[in-house]
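Structure assessment
If you want the building blocks of each chain, they are given just below.
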Amino acid sequence: MNAPLPSLVPLATLAPGSLCRVMAVAGEDGIRRRLLEMGLCTGVEVAVLRRAPLGDPVELRLRGYLLSLRRDQAALILVAVLGGDALRASA
Amino acid sequence: MPAAAAPVSLNTGTLTVALAGNPNSGKTTVFNGLTGLRQKVANYPGITVEKKTGRCPMPDGRVVDIVDLPGTYSLVPHSPDEVVAMQVLRGLRADTPLPDVIVAVVDASNLARNLYLVSQLIELDHPMVVALNMTDIAARRGVAVDAAALAARLGIAVVPLIGHRRRGFDALKAAIISATRPAAPAWRLPDPLAAEVAALAAVVADAAPETNATATALRLLAGEDGADLAASRGLDGVSAALAAARGRLAGRDVVQTDIEARYHWIDALVAATVAATPEAGRRSLTERVDAVLVHRVAGLVIFTAIMASLFVTIFWAAKPIMDALQDGITRLGALLIGGLAEGPLRSLLADGVIKGVGSVVVFVPQIALLFLFLSALEDSGYLARAAFLMDRLLSKIGLHGKSFIPLLSSFACAIPGILATRTIDSRRERLATILIAPFMSCSARLPVYALVIGTFFAAQGPLVQGGILLGCYALGIVAAAATAWIGKRFLGRGEVTPFILEMPSYKIPQAGEVARQVWTNTSKFLTKAGTTIFCLSILLWALAYFPRLSDERIVAIRQAQPAAVVPSDATPEQRQRAEADAQSASAHAIASAQLEHSVAGRVGHLMEPAIAPLGFDWKIGVGLVGAFAAREVFVSTLGIVYSVGEVEEDALPLHEALKADRRADGKPVWTPVVAISLLVWFVLAMQCMSTLAVVRRETGGWGWPLFQLVYMNALAYAGALLVYQIGTRLYP
C-alpha cells in the first residue's frame, strides 16, 4: 500500500450515515491489535451510525455487529469514503 | 502437529471442560444450561477476576467440571479478565488444570467476529466443540448457519444452541464426550511471513518436539509475550533464529498480516456456511432500537428516566421492606433475649449481635433491588448504551463510560459499586472509579441527613429541607468529580485508554438469569460487607460497654435524679405513670453516664479538642466513633449519649434533646451552623470500614484504602472546619 491514496480520511471525521472502507489502521501496538482483532481490517466496510449525544463516542456497524469507539480511536482508522446512506441500507 | 480428528479418550479421571467465548456470546447461559444450580463462584487466587465453576452430569453417567472463563475477544489479552482466560487455556495457571475439552461459545448472529477467537483456539490443538449459540436471534435476522458444513470445515462438532431456552444441551453434552481435535489451521499467511514462520517453527520443533511449533513461531514473530513464550525463547537456537527472522521481516507488519489472514479465512468460511435471506439486508432490530435509545434527545431523556426510576426504586420501594425487616429483627431480638437477666451477655446479644445483624440485613432489600435493576439492564444490552451515552462526560474527568453504573450503585452502597468496577478494563480508570465511589451519598448516610435536617431545619419547611438534602448529594458528586479531575490532571499523564466497546444485540432479560444474578450478588454483599460490619458492631459494643460504672456511682446518679412529681390529687394510674417516667429517666441517665465512662466516651472526650473547631463536642465525637462501624450507627449512638433510649431517626425525643443541649457557657451545642458542618463531614468523610476492606481486596493492598481514608477525612475535616469557622462569624 505504498501508492498515495488521496481520498484517505480518518474514520473519526465522517458524518453519521457515511459508508466507508478501511484502508489502514494506525496507533500504538496494543490498541491497533485490538482494533484489527475486532474486525477493523483493511478492506472491511464500515457504516457510521451515529455519535453519542455529547458528540463522542461513535457507533459503527461492521461485519454485521455494532461497535462503539471514542473518536480518539476512530481517528486511528484511515478509510476511503464509499457513500452516505448507511442508515438505510446494510453494510 | 498431531493429525486432526483423533477421538480423545475420556475414560479416566475427572474431566475439565472450559467454556471460552467472546463477551456477549451468551457464554453464561450456556454455563447455566450445563451446570444448573451446581455451580460456585469464587475468585482466582490473588486477583479479583471471578472464577465460576460448576458440575455437569453427562449422559454416560460421569460428571465433569465446567470452568466458565471470562469473556475474551482474543488470546492476546487486554484486561485482567482476558489474561485469566488466556492463562487457563494455555495451561499457565497453577490453580486451574489445563482443560481436557474446550467449548467455544459462538454467537451465530455475529459469526465472523466470534470466529476470530475460534481461529486462535484451533491453534491450541485441544479437543474442542463449537457451541453455536443464539441461533434464534440469527434466524430472526435472516441468517441461517449450516452447522454441519461449519463442522466439516473446522474438523470439530458444531452444536446449534438456544442457550436461554435451554435447547440443544443434550447434543452439546454428547459432543463434549466425543470431542475431537480440530483440523490444522487452514488460513494461509502470505510470503515471506509464511516462510519465516515455517523456518522458525522448525527450529522450535527441533528443540522441543512436543510443542505446537507453528503457532508458537507465529506468536514469537508477532512479538507476543507470555510465560510459555519466554520458555520457548530460551530454547536452543530459538532466540537467534527469531532475531534473524525479525531482521528479514523488518518493516513488515506481522500482527496485521496474521489477523487479516485469519479474517480472510473467516470471510470465506462464512460465505460457504451462512445462507442469508433478504431479511439480512435490512437494518436489524437492535439498530432500529438504538436509533431511539441512543438518540441525541430521546436517548438522554430515556436514560434519565431509567436512572431516575432505579433511584426511586432503591429508595422509596425498598423503604417499607427495610423498615419491616428492621422491626422484625428488633422483635426477634427481644424474643431471643427476653429470658436473659440484665448483664454483659444480654447487652452483647441485644446491642452487639442483634444490632450488628440488623444493620447488615436491613440493606439487603435495597441491594437486591439494585441488582435486580442492574442485571435486567445488563441482560437486555442496555448497560453498554449507558456507557456509550455517558463516556464523553466521564472521560473529561478521567473516568470511563463504564464508570457510570458503579457510581450510580454507590448511592445505595459503595460496596456493590466498587465490586461493579470489575467491568472496567483499564486499571487506571477502574482505580479512579473505586477511589471516588465512596463520595456518593450512600443510603447509610440518609438516616444521619434525615436526623440532622429534620431537627434543625424543621421550621424552614420542606422546600429548604429538600434543598439541603439535595445539596448533600450534590456536594458528594462535586467532591468526586473534582477528585477524579485532579487525579487525571496530576497522576494520569500520558497514558491514553481506548474505548472499544461492543454494543450487543438487545434481548428480553431472562427472569431466571436475572434471579441468579440477584442471588449471587446479594449473597456476595452479605458475606463481604456483612462479616466486617458484624465484627465491628461487636467491637463497638465492647468499646461502649466497658469499663462499667461502679455500683456506688450508679446509686449516686439514681439519687441525684429528681423524684417522681406526683400531685396529691393524682389517680393511681397517674401516680403509676409518673413513677414509671421517673424510673426510665433515671435509667437513661445511668446509661448516659455509663457511656461517658466507657472507652468510647473517653475517646469522645479525647477527640474533643480536635473536633471543637468544627463545632463538635464530645457527644458528637462518640457518635463519630460509632459511625465507623456503619454510618447509621451515629443516630443510635447519639440516642444513647442523650439518654433518650431507643430512637428512630425521626424520633422526637432525640430532636428535643439535641435542641435542649447546652454548652458550659449556656449556648446551645447544636446550632444550624453545627448541623451544616456535621452534614459536610458526613458527606465527605470515609467512615466505613467495610468499604475500606473491599477496596483493599479490589486494589490488592492497603495503600489505596489508607490513601482514601486519609484523603477523604482530611477533606471532610477541612470542609467542616470551613463551614463552622465562616458560619459562626457570619451568624454569631
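Per chain, residues are indexed from 1 in the order of the written sequence. Labels follow written order: the first chain is A, the first ligand is 1, and so on. Under the rules for a predicted model, residues below a pLDDT of 70 receive no local features and side-chain atom pairs below 80 are neither given nor counted, while totals for whole chains, interfaces and linings still include all residues.

With respect to the overall build of chain A
The way it works is that DSSP assigns letters per residue, a run of H or I at least four long becomes a helix, a run of E at least two long becomes a strand, and they are numbered from the N terminus. When its secondary structure is counted, chain A shows two helices and six strands. Working definition of burial: number of other C-beta atoms within 10 Å of the residue's own, with buried at 20 or more, exposed at 12 or fewer, and partly exposed in between, all C-beta atoms being placed from the backbone. Out of the 91 residues in chain A, the part that is buried amounts to 48%. Relative to all contacts within chain A whose residues are 6 or more apart in sequence, the contacts with residues 24 or more apart total 62%. Contacts here follow a simple rule: the backbone-placed C-beta atoms of the two residues must lie within 7 Å.

Concerning the overall build of chain B
For chain B, the helix and strand inventory stands at 31 helices and ten strands. Of all intrachain contacts in chain B linking residues separated by at least 6 positions in sequence, the fraction that spans at least 24 positions is 72%.

Section: the pairing of strand 6 (residues 128-133) of chain B
Residue and element names in this part refer to chain B. Among the six residues that make up strand 6, six are buried, leaving the element largely enclosed by the rest of the structure. Neither face of strand 6 is exposed, since Met128, Val130 and Leu132 on one face and Val129, Ala131 and Asn133 on the opposite face are all buried. DSSP calls a pair of strands paired once it identifies at least 2 bridges connecting them. Summarising the sheet, strand 5 (residues 101-107) and strand 6 pair through six bridges and their orientation is parallel. The partner of Val103 across the bridge, within strand 6, is Val129. A clockwise path from the first strand over the helix to the second, with the strands pointing away from the viewer, defines a right-handed crossover. Once the chain exits strand 5 it traverses helix 3 (residues 111-122) before rejoining the sheet at strand 6, and the crossover so formed is right-handed. Relative to strand 8 (residues 157-160), strand 6 is paired through four bridges, and the arrangement is parallel. Within the sheet, the bridge partner assigned to Val129 lies in strand 8 and is Ala157.

Some thoughts on the packing of helix 13 (residues 298-337) of chain B against helix 15 (residues 364-380) of chain B
Residues and elements named next belong to chain B. Packing of helix 13 against helix 15 brings their axes to within 8 Å, and their N-to-C directions diverge by 150°. In terms of orientation, helix 13 lies roughly antiparallel with respect to helix 15. Between helix 13 and helix 15 lies a crossing whose hand is right-handed. Contacts between helix 13 and helix 15 involve Leu310, Thr313, Ile314, Ala317, Ala318, Ile321, Met322 and Leu325 from the former and Pro365, Gln366, Leu369, Leu370 and Phe373 from the latter. The class makeup of the residues in the contact of helix 13 with helix 15 is eleven nonpolar, two polar and no charged. Throughout, an axis means a line fitted to C-alpha atoms (over the contacting stretch in the case of helices), and angles, computed between N-to-C directions, take values from 0 to 180 degrees. We call two directions roughly parallel when the angle between them is under 35 degrees, roughly antiparallel when it is over 145, roughly perpendicular when it lies between 65 and 115, and oblique otherwise. Handedness of a crossing is defined here by the sense of rotation of the near helix relative to the far one, left-handed for an anticlockwise turn of less than a right angle and right-handed for a clockwise turn. Residues were grouped as follows: Ala, Val, Leu, Ile, Met, Phe, Trp, Tyr, Cys and Pro as nonpolar; Asp, Glu, Lys and Arg as charged; and all remaining residues, including Gly, as polar.

Considering the sheet that holds strand 2 (residues 39-43) of chain B
Residue and element names in this part refer to chain B. Read from one edge to the other, the open sheet built from seven strands follows the order 2-3-4-1-5-6-8, with strand pairing classed as mixed. In this open sheet, the two strands that pair with only one neighbour each are strand 2 and strand 8. Sheet twist, expressed as the mean angle between neighbouring strand axes with direction ignored, is 25°. Along the sheet, helix 6 (residues 169-177) makes contact with strand 1 (15-21), strand 5, strand 6 and strand 8, crossing strand 8 at roughly 165°.

What to know about the environment of Trp541(B)
Residue and element names in this part refer to chain B. Mapped onto the fold, Trp541 is located in helix 22 (residues 511-545). Residue Trp541 is classed as buried on the basis of its 23 C-beta neighbours within 10 Å. For the pair Trp541 and Leu394, spaced 147 residues apart in sequence, the C-alpha to C-alpha distance is 42 Å. The residues touching Trp541, leaving out its near neighbours within four places in the chain, are Leu348, Asp351 and Gly352.

Quick notes on the sheet that holds strand 5 (residues 65-69) of chain A
The strand order across the open sheet formed by seven strands is 1(A)-6(A)-2(A)-3(A)-4(A)-5(A)-10(B), and the pairing between neighbours is antiparallel. The open sheet has two edge strands, strand 1 (8-10) of chain A together with strand 10 (500-503) of chain B, and neither has a second partner. Adjacent strand axes in the sheet meet at a mean angle of 40° when their direction is disregarded. Inspection of the sheet shows strand 2 (residues 19-25) of chain A paired to strand 3 (residues 45-51) of chain A by three bridges, in the antiparallel sense. Residue pairing for strand 3 of chain A: Cys20(A) is matched across the bridge by Val46(A).

Observations concerning the interface of chain B and chain A
With 35 residues of chain B at the contact, the number on the chain A side is 32 residues. Residue assignment for the side of chain B that touches chain A shows that the elements contributing at least two residues are helix 3, helix 11 (254-273), helix 12 (285-293), helix 13, helix 16 (382-395) and strand 10 of chain B. Along the lines of polarity and charge, the residues of the side of chain B that touches chain A split into 18 nonpolar, seven polar and ten charged. Looking at chain direction, strand 5 of chain A and strand 10 of chain B are connected through four bridges and run antiparallel. Across the sheet, the residue bridging to Leu66(A) is Met503(B), located in strand 10 of chain B.

Observations concerning the nonpolar core
All names here are of chain B. Ranked by size, the top nonpolar core spans 208 residues in total, and within it Ala104, Val129 and Ala131 carry the most contacts. If we skip the residues at most four places from it in the chain, Ala104 touches Ala20, Gly21, Val118, Leu121, Met128, Val130 and Ala131. Remark: nonpolar core denotes a set of buried Ala, Val, Leu, Ile, Met, Phe, Trp, Tyr and Cys residues whose joining runs through C-beta atoms within 7 Å. Val197, Leu200, Ala201 and Leu242 belong to the second largest nonpolar core, which has 18 residues in total.

Describing the packing of helix 20 (residues 446-456) of chain B against helix 29 (residues 672-684) of chain B
Residue and element names in this part refer to chain B. Relative to each other, helix 20 and helix 29 sit at 165°, their axes nearing to 10 Å. Accordingly, the angle class assigned to the pair helix 20 and helix 29 is roughly antiparallel. When the axes of helix 20 and helix 29 are compared, the crossing they make is left-handed. Contact with helix 20, carried on its side by Val448, Tyr449, Val452 and Phe456, involves Pro672, Ala675, Leu678, Leu679 and Phe682 of helix 29 and no other residues of that element. Here the contact of helix 20 with helix 29 is composed, by residue class, of nine nonpolar, no polar and no charged.

Focus: the pairing of strand 1 of chain B
All names here are of chain B. Among the seven residues that make up strand 1, six are buried, leaving the element largely enclosed by the rest of the structure. Here five bridges tie strand 1 to strand 4 (residues 63-68), and the two strands are oriented parallel to one another. The residue of strand 4 that forms the bridge with Val17 is Ile66. Summarising the sheet, strand 1 and strand 5 pair through five bridges and their orientation is parallel. Paired with Gly21 across the bridge in strand 5 is Val105.

Details of the confidence of the model for chain B
Residue and element names in this part refer to chain B. Looking at chain B, pLDDT values average 86 and 95% of them are 70 or higher. In this model, residues 1-10 is a region of pLDDT below 50 whose contacts with residues beyond four sequence positions or in other chains number 24 contacts. The predictor attaches a confidence to each residue, called pLDDT, with possible values from 0 through 100. Contacts of residues 645-650 to residues separated by more than four positions or lying in other chains number 14 contacts, the stretch itself having pLDDT below 50.

Side note on helix 24 (residues 572-597) of chain B
To estimate how far a helix should extend, the number of its residues minus one is multiplied by 1.5 Å. A rise of 1.5 Å per residue sets the reference length of helix 24 of chain B, with its 26 residues, at 38 Å; its end C-alpha atoms lie 37 Å apart and thus fit the reference within 8%. What helix 24 of chain B keeps buried is the set Ser586(B), Gln594(B) and Leu595(B).

Considering the environment of Ala240(B)
Residues and elements named next belong to chain B. Secondary-structure assignment places Ala240 in helix 10 (residues 238-248). A tally of 10 C-beta atoms within 10 Å means that Ala240 is categorised as exposed. Expressed as a C-alpha distance, the spacing of Ala240 and Thr257, which sit 17 residues apart in the sequence, is 23 Å.

Quick word on the environment of Arg38(B)
Residues and elements named next belong to chain B. Residue position: Arg38 is located in the loop between helix 1 (27-35) and strand 2. With 13 C-beta atoms packed within 10 Å, Arg38 lands in the partly exposed category. Between the C-alpha atom of Arg38 and that of Val64, which follows or precedes it by 26 residues, the distance is 11 Å. Setting aside residues no more than four positions away along its own chain, Arg38 makes contact with Gly54 and Arg55.

Points about unusual backbone geometry
Residues and elements named next belong to chain B. Cis geometry is found at the peptide bond from Asp191 to Pro192, where omega equals 5°. Tracing the sequence through the fold places Pro192 in the loop between helix 6 and helix 7 (193-207). Going from Phe546 to Pro547, the amide bond is cis rather than trans, its omega being -10°. Structurally, Pro547 is set in the loop between helix 22 and helix 23 (551-560). For Asn24, which is not glycine, the phi dihedral falls at a positive 70°. Within the element layout of this structure, Asn24 appears in the loop between strand 1 and helix 1. Residue Asn24 is classed as buried on the basis of its C-beta count, with 20 C-beta atoms lying within 10 Å. A positive phi angle is found at Arg166, which is not glycine, with a value near 60°. Within the element layout of this structure, Arg166 appears in the loop between strand 8 and helix 6. Judged by the 13 C-beta atoms lying within 10 Å of it, Arg166 is partly exposed.

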